[in-house]
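For reference, the chains in residue letters:
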Amino acid sequence: MSDRLFIFDTTLRDGEQVPGCQLNTVEKIQVAKALEQMGVDVIEAGFPVSSPGDFNSVIEISKAVTWPVICALTRAVEHDIDVAVDALKYAKHKRIHTGIGTSDEHIRYKFNSTRERILEQAVEATKYAKRFVDDVEFYCEDAGRTDNEYLAQVVEAVIKAGATVVNIPDTTGYCLPQEYFEKIKYLKEHVDDIDRAVISTHCHNDLGMATANTLNGVLAGARQVEVTINGIGERAGNTSLEEIAMILKCHKGLGIETNINTTKIYPTSRMVSSLMNMPVQPNKAIVGRNAFAHSSGIHQDGVLKNVQTYEIMNPKDVGIDDNTIMLTARSGRAALKHRLTVNGVEVSEEKLDKIYEKFLQLADQKKEVADADVLMLAGADTAESHAVRLDFLQVTTGKGVKSVASIGLDISGQKFEAAASGNGPVDAAIKALKKIIMKQMTLKEFTIQAISKGSDDVGKVHMQVEYDGSMYYGFGADTDIVTASVEAYIDCINKFKRS
């Protein structure tokens, strides 16, 4: 009989804490529905007390999905729990995830408290949450650096107070795999009534050990793992859902099963990457562009003779269609819609028509349109609703010639034009833009990334702009990198808070 491992996805909470990757409510619902189709057991929908947007997202996600447990995060504070209860009122299956830091570093420097008082707060918060929901998860923040004996005291106390799940986070990604294994094993052996609750892992990747630590926690007895799509999350990220799911699928001898439909992994990965404007690194396990690519002659020879010589997974098991329909200027709407579907994007016929128009323009510039281009096009029409839009851009540049840019903007229906010179074409274009948008803005970060390969490729630009004491993140994509840069800057401007 196989053991059942519960998959707790926190893409919409911990994953969304990545700077510049915030989603609106409609986008969060899209991700939540994809997670439901994939078979995720628990969806952490947000931290309701943190913002009205998070509060509303938890409400709407609760309405949109049916069978997964909807979880809301809180601190060990009664007001947080009250707000979470309100946000979860429409959830068919609801969980409150409350907790507090338990390491000496957190107790002394974050809370200026004592172990005794932290233990009291943990019990009080658990009991208070239990008044509203049957399913209460308690997290011991920074459990990775918490003394095992004290950690066991906290875990035992919150289980007695009614916790159904106890989360043991390696919040800083500090633990070695064997250390994390021993921590979970210690709790299994020293906590009275430990079997009344599910032990959960929540590992961060600061030292690149999130997946290894999570797997070791499972081998030691944890039966819930907290993960994100593509491993996104704070700092270096969280444990990747796709890695844990495929490790257990490939190593059936471990006797541990999940409810994950692995064929949904790749489309969901691409959808999250596209919505969050966060590219997946090419060598990322399972879902990276090179995950099933072979360039070495020896490897190619082996794969051609028998694919199992160098592949331990069938690409179709993770949803990668190896019989890809290539898109060119001669492709029709049906082919475009097929590629969108493969990449986890469902669109109406009206939106498909708009995307198809942009697709034909791009296909005229490129010999072949890649999946990443298609995802970019699927999100490009959101710019049409922006108050500030780029009308035209003309740049003169070259070696020994000062770069000059002329720009035209449409601002809420009014037309504006300006020109400027600068130290290169992007600098000239941004200076011309600033002549129209007369605000004190500072460019803090500027990143260019090619989507795939080739001189005709679409370039992605990510920007971070500081305005009025706040940071704003923008994104632009175009075959012309100067245009993409200006579009990214305009994307930042459209996000400025209204004064």
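This text gives an overview of the structure that appears in the document. No experiment lies behind these values; they were computed from the predicted model shown. (Residues numbered from 1 in each chain as written. Predicted model: local features only at pLDDT ≥ 70, side-chain atom pairs only at ≥ 80, totals over all residues. Heavy atoms only, no water.)

This part covers the packing of aromatic side chains. Two aromatic rings are characterised by how far apart their centres lie and by the angle between their planes. For the coordinates displayed, the defined rule picks out 5 aromatic pairs. On the basis of an interplanar angle of 15° and a centroid distance of 4.3 Å, the ring pair of Tyr467 and Phe496 is categorised as stacked. Of the two residues, Tyr467 is situated in strand β15 (residues 459-467) and Phe496 in the segment after α16 (481-493); the sequence distance between them amounts to 29 residues. For the pair Tyr467 and Phe496, one class covers both residues: buried. An aromatic cluster is present here, built from Tyr467, Tyr472 and Phe496 joined pairwise through their rings. If you follow Lys63 out to its NZ or CZ, it ends over the ring of Tyr90, 4.7 Å from the centre. (Phe/Tyr/Trp six-rings, centres within 6.5 Å; stacked < 30°, edge-to-face > 60°. Helix = DSSP H or I, 4+ residues; strand = E, 2+ residues; numbered from the N terminus. Buried < 20%, exposed > 50% of the residue type's maximum accessible area, 1.4 Å probe, protein only. Lys NZ or Arg CZ within 6 Å of the ring centre and 35° of its normal.)

Tracing the backbone through its elements, the reader meets Gln464 in strand β15. Measuring from C-alpha to C-alpha, the distance between Gln464 and Tyr489 comes to 8.2 Å, with 25 residues separating the pair along the chain. Ignoring sequence-local partners within four residues, the contact set of Gln464 consists of Thr442, Leu443, Lys444, Glu445, Met471, Tyr472 and Tyr473. (Contact = heavy atoms within 4.5 Å.)

What follows covers unusual backbone geometry. In this structure, Asp142 is a non-glycine residue whose phi angle is positive, near 60°. Here Asp142 shows up in the loop between β6 (136-141) and α6 (148-160).

As a further point, take the pairing of strand β2 (residues 6-9). Here 4 bridges tie β2 to strand β9 (residues 224-227), and the two strands are oriented parallel to one another. Pairing of Asp9 across the sheet is with Val227, part of β9. Note that the unit made of β2, helix α1 (residues 25-38) and strand β3 (residues 42-46) has a crossover that is right-handed. (Pairing = 2+ DSSP bridges. Right-handed = clockwise from strand over helix to strand, strands pointing away.)

Between its first and last C-alpha, helix α7 (residues 177-190) extends 20 Å over 14 residues, near the 20 Å set by a 1.5 Å rise per residue. Residues of α7 that are buried include every one of Tyr180, Lys183, Ile184 and Leu187, and no others. One face of α7 carries all of its buried residues, which in axial projection span an arc of 90°. The elements touched by buried residues of α7 are α6, β7 (165-170), β8 (198-203) and α8 (210-219). (Expected span 1.5 Å × (residues − 1). Arc of directions from axis to C-beta.)

Before going further, it helps to spend a moment on the side chain of Lys183. In this structure, Lys183 sits in helix α7. Buried and unpaired, Lys183 has no salt bridge, with Asp147 as the nearest side chain of opposite charge at 7.6 Å. Polar side-chain contacts of Lys183 include one of 2.6 Å to the side chain of Asn148. Discounting chain neighbours no more than four positions away, the residues touching Lys183 are Ala143, Gly144, Thr146, Asn148, Leu151, Ile168 and Cys175. (Lys, Arg positive; Asp, Glu negative; His and termini not counted. Salt bridge = Lys/Arg side-chain N within 4 Å of Asp/Glu carboxyl O. Polar contact = N/O pair within 3.5 Å; in protein donor to acceptor, adjacent residues only side chain to side chain.)

Within a sheet, each strand pairs with its neighbour through backbone hydrogen bonds, oriented either parallel or antiparallel. Strand order in the closed barrel formed by 8 strands is β2-β3-β4-β5-β6-β7-β8-β9, and the pairing between neighbours is parallel. Strand after strand, the sheet turns through a mean of 25° between neighbouring axes, direction not considered. Most of the contacts of α7 go to β8, to which it runs at about 160°, and overall it touches β7 and β8. (Axes fitted to C-alpha atoms, helices over the stretch in contact; angles between N-to-C directions.)

Bringing the packing of α7 against α8 into the picture now. In contact at an axis separation of 8 Å, α7 and α8 are set at 30° when each is read in the N-to-C sense. In terms of their interaxial angle, α7 and α8 are classed as roughly parallel. Judged by the twist between their axes, the crossing of α7 over α8 is right-handed. Taking contact as the criterion, the partners of Pro177, Tyr180, Phe181 and Ile184 in α7 are, on α8, Ala212, Asn213, Asn216, Gly217 and Leu219. (Parallel < 35°, antiparallel > 145°, perpendicular 65-115°, else oblique. Left-handed = near helix turned anticlockwise from the far one by under 90°.)

Honestly, that's just the spatial picture; any functional story needs more than this.
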